[in-house]
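# Topology and contacts: notes
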Amino acid sequence: MRKARLAILASGRGSNAVALIKAAQQENFPAEVVLVLSDNRNAPVLDKARSLGVKAIWLDPGPKCTFLIPEVEKRWVEVLREHNVDYVLLAGFMRVIKKTLLDAFAGRILNIHPALLPSFKGLDAQRQAWEYGVKYSGATVHFVDDSLDSGPIILQEPVKVEDDDTPESLAARILEAEHRIYPEAVRLLAQGRLRIERRRVRILKEKHGG
Ligand code: GRF
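First, a word on what this report is: a plain description of the structure on this page. (Residues numbered from 1 in each chain as written. Predicted model: local features only at pLDDT ≥ 70, side-chain atom pairs only at ≥ 80, totals over all residues. Heavy atoms only, no water.)

### Side note on the sheet that holds strand 7 (residues 153-160)
Note the cut-off: Strand pairing is defined by DSSP finding a minimum of two bridges between the two strands. Labels follow the DSSP assignment, with helices taken as runs of H or I lasting at least four residues and strands as runs of E lasting at least two, numbered in each case from the N terminus. Here an angle of 0 to 180 degrees is reported between the N-to-C directions of two axes, which are lines fitted to C-alpha atoms, with helices fitted over the stretch in contact. Should any heavy atoms of two residues lie within 4.5 Å, those residues are considered in contact.
Within the open sheet, the 7 strands sit side by side as 3-2-1-4-5-6-7. Their pairing is mixed. Strands with a single pairing partner mark the edges of an open sheet, and in this sheet they are strand 3 (56-58) and strand 7. Between one strand axis and the next, the sheet turns by 20° as a mean value, whatever way the strands run. As paired elements, strand 5 (residues 109-113) and strand 6 (residues 136-143) share 4 bridges and run antiparallel to each other. Across the sheet, the residue bridging to Ile 112 is Val 141, located in strand 6. In the packing of helix 1 (residues 15-24) onto the sheet, contacts are made with strand 1 (4-9), strand 2 (31-38), strand 4 (87-90) and strand 5, and the angle to strand 2 comes to roughly 155°. Contacts between helix 6 (residues 167-190) and the sheet are confined to strand 1, strand 2, strand 4, strand 5, strand 6 and strand 7, with strand 7 contributing the most and set at about 155° to the helix.

The structure is reproduced here in structure tokens:
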């Protein structure tokens, strides 16, 4: 069977990108990472991806800091299409996705968020959760829609907040959960096992045999 072709959009450190690339390099994984795109020339993710044998390029993000203007987003879509990308995975991509990219990859863009959505959307979610005093936070993989951190939820993993946690120690355990559930969500996606029913994502059973 043809493997699904994945692109990762990332702005920084790239630990989720590395987890996804390594998972996809395992035998029997139903998808391959064909491209990493960054809006940040100096993002460590670029070299990390290259060292794992994945093409990684910086693309001009244009004049705005928090999103790509339509003409720029159009250029990003062209690059994704040139690489025959099926799915786009946001992994620490520090920009809101707008209409041009959303329309081009409708229902085919995923994001990872370091909290149990819908709690603690936006930046610094691990610290938000710690400051609020929740007993559990965690990680969420979700489809991307036109609002921030709001699309249908695919997988979540809870992480217990310990009394002696700092925002940093909590974030480190949440990151481990992220590295487990993001590849798993992508595997389900590439196997065609996710069905979106309104806000709910149903996970279909694995088909065995021919
Ligand atoms: C992760 O915590 C992710 O949930 C959030 O941004 C961070 C990116 O980390 N969206 P990394 O670049 O994948 O290491």
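### Points about the site of the ligand
Here is the rule we go by: Throughout, near means a residue has at least one heavy atom within 4 Å of the molecule or strand. Two N or O atoms count as a polar contact when they lie within 3.5 Å, although within protein this holds only if one can serve as hydrogen donor and the other as acceptor, and sequence-adjacent residues are included solely when both atoms are side-chain atoms. Surface accessibility follows the Shrake-Rupley procedure with a 1.4 Å probe radius. Residue values consider only the protein chains on display as shielding.
What surrounds the ligand is the set Arg 13, Gly 14, Ser 15, Asn 16, Gly 92, Ile 112, His 113, Pro 114, Gln 126 and Glu 178. Within the backbone of Gly 14, an N or O atom sits 2.7 Å from an oxygen atom of the ligand. At 3.1 Å, a backbone N or O of Ile 112 approaches a nitrogen atom of the ligand. Protein contacts shield 86% of the accessible area of the ligand, which totals 370 Å² for the unbound molecule.

### Looking at the nonpolar core
Nonpolar side chains tend toward joint burial in soluble globular proteins. Test applied: Working definition of a nonpolar core: buried Ala, Val, Leu, Ile, Met, Phe, Trp, Tyr and Cys residues. They are joined through side-chain atoms within 4.5 Å. Between buried and exposed lies partly exposed: a residue is buried under 20% and exposed over 50% of the maximum accessible area for its type, with that area taken using a 1.4 Å probe on protein chains only.
Counting residues in hydrophobic clusters, the biggest one holds 48 residues, and the most contacted among them are Ile 8, Val 36, Leu 110, Ile 154 and Tyr 182. If one sorts the elements of this core by residue count, helix 6 sits on top with 10 residues. Apart from the residues within four sequence positions on either side, Leu 110 is in contact with Val 88, Leu 89, Leu 90, Val 141, His 142, Phe 143, Val 144, Ile 154, Tyr 182, Val 186 and Leu 189. In terms of nonpolar packing, the next biggest core, distinct from the first, is built from 24 residues, Leu 35, Leu 90, Phe 93 and Ile 97 among them.

### Re the pattern of salt bridges
So the rule is basically this: The term salt bridge refers to a pairing of a side-chain nitrogen on Lys or Arg with a carboxyl oxygen on Asp or Glu at a separation within 4 Å.
Inspection of every chain in the model, using the stated rule, returns 15 salt bridges. Taking the shortest distance from any N to any O, the salt bridge between Asp 86 and Arg 2 comes out at 3.1 Å. Taken as a pair, Asp 86 in the loop between helix 3 (70-82) and strand 4 and Arg 2 in the segment before strand 1 lie far apart in primary sequence, 84 residues in all. Here Arg 2 falls in the exposed class, since its relative accessible area comes to 54%. The closest approach of N and O atoms between Arg 95 and Asp 39, which form a salt bridge, is 2.6 Å. In this pair, Arg 95 is assigned in the loop between strand 4 and helix 4 (99-104) and Asp 39 in the loop between strand 2 and helix 2 (44-51), connecting sequence segments 56 residues apart. This pair shows no difference in class: Arg 95 is buried, exactly as Asp 39 is.

That's the geometry; what it means functionally is another story.
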